[in-house]
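Descriptive structure summary
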Amino acid sequence: EGTTLVCDARGGGMLKSGGYMLSRFRSDPLAPGYGMRFYIRDADRVFQAGCVGPAGEIRFETGCAVYTQTTDGVETALTCCVGPLDGTAVHVLEVKNTGKTARMLRVSSYMEVALCSQRADEAHPAFVKLFVETDTPAAGTLVASRRARNGDEETPALFHTAVCSSPDAAFVEISD
């Protein structure tokens, strides 16, 4: 079974691969958004990139979703897709300061990791969280895995890697 990435117009969605829900998901349209989230923090405020507000739009294109918005002089474009060759979920976030003064912006990503079946997560949401472990083996990388309850159980893992293409930017940390 391949990778499935679902993106909705509110910036939510889910990520599934190999029969495992990688991210937590509920189909209730009034529930808080699920899926991968990106937050931009400035000295004055925090806002979510990829969440369509009054100054934003979403385009569903062949194979991807593109969220664009401008908030307080910061333009963001978030492209979400699945790589056709290896099934890797890819989120590309472009951030541009359109103001006249330099700003220090911090980008944070967030996702509720499930690493279990949808049925197991819905039946015991607090319990399944007890078996998820995280590690940061290298700068810009986080690995989440599920501890096996017995020796025969498969242990799925999720790798989250952040890469920055700007020579003026630097990663501070990825925390688990």
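Notes on the structure in this doc start here. Model, not experiment: these values are computed from the prediction. Per chain, residues are indexed from 1 in the order of the written sequence. Confidence filtering applies because this is a predicted model: local features only for residues at pLDDT of at least 70, side-chain atom pairs given and counted only at 80 or more, and all residues used for totals across whole chains, interfaces and linings. Calculation of side-chain values draws on the structure's entire complement of heavy atoms; hydrogens and water are dropped beforehand.

As for the environment of Ala 138
Which entries qualify depends on this criterion: Helix and strand assignments come from DSSP, with helices taken as H or I runs of at least 4 residues and strands as E runs of at least 2, each series counted from the N terminus. Between buried and exposed lies partly exposed: a residue is buried under 20% and exposed over 50% of the maximum accessible area for its type, with that area taken using a 1.4 Å probe on protein chains only.
Counting through the fold element by element, Ala 138 comes out in the loop between strand E12 (132-135) and strand E13 (141-146). The exposure class of Ala 138 is partly exposed, given its relative accessible area of 42%. It is 9.3 Å that separates the C-alpha atoms of Ala 138 and Thr 161, two residues lying 23 residues apart in sequence.

Quick look at the sheet that holds strand E6 (residues 56-61)
Put simply, the test is: We call two strands paired when DSSP finds no fewer than two bridges between them. Think of each axis as a best-fit line through the C-alpha atoms, taken over the contacting stretch in the case of a helix, with angles from 0 to 180 degrees between the N-to-C directions.
The strand order across the open sheet built from 4 strands is E6-E7-E8-E9, with neighbouring strands paired in antiparallel fashion. Whereas interior strands pair on both sides, the edge strands pair on one side only; in this sheet they are E6 and strand E9 (89-97). The average undirected angle you get between the axes of adjacent strands in this sheet is 10°. Pairing of strand E7 (residues 64-71) with strand E8 (residues 74-82), which is carried by 8 bridges, proceeds in the antiparallel orientation. Paired with Tyr 67 across the strands is Leu 78, a residue of E8.

A look at the packing of aromatic side chains
Stated precisely, the cut-off is as follows: Planes of paired rings set the category: under 30 degrees apart is stacked, over 60 is edge-to-face and the rest tilted, where pairs are Phe, Tyr or Trp rings (Trp by its six-membered ring) whose centres lie within 6.5 Å.
Under the counting rule described, the total for this entry stands at 1 aromatic pair. Taking the centre distance of 5.1 Å and the plane angle of 65° together, the rings of Phe 127 and Phe 131 count as edge-to-face.

Focus on the pattern of salt bridges
Between side chains of opposite charge, a pair can form as their charged atoms come close. Stated precisely, the cut-off is as follows: Salt bridge, as used here: a side-chain nitrogen of Lys or Arg that lies within 4 Å of a carboxyl oxygen of Asp or Glu.
Considering all chains together, one arrives at 9 salt bridges under this definition. Residue Arg 24 pairs with Glu 112 through a salt bridge whose shortest N-O separation is 3.0 Å. Of this pair, Arg 24 sits in the loop between strand E3 (20-23) and strand E4 (37-41) while Glu 112 is found in the loop between strand E10 (106-110) and strand E11 (113-116), placing the two residues 88 residues apart along the sequence. Judged by its relative accessible area of 5%, Arg 24 is buried. Using a relative accessible area of 23% as the deciding quantity, one classes Glu 112 as partly exposed. With a shortest N-O distance of 2.7 Å, Arg 45 and Asp 72 are connected by a salt bridge. Of this pair, Arg 45 sits in the loop between E4 and strand E5 (46-49) while Asp 72 sits in the loop between E7 and E8, and the two are 27 residues apart along the sequence. Residue classification places Asp 72 among the partly exposed positions, given a relative accessible area of 48%.

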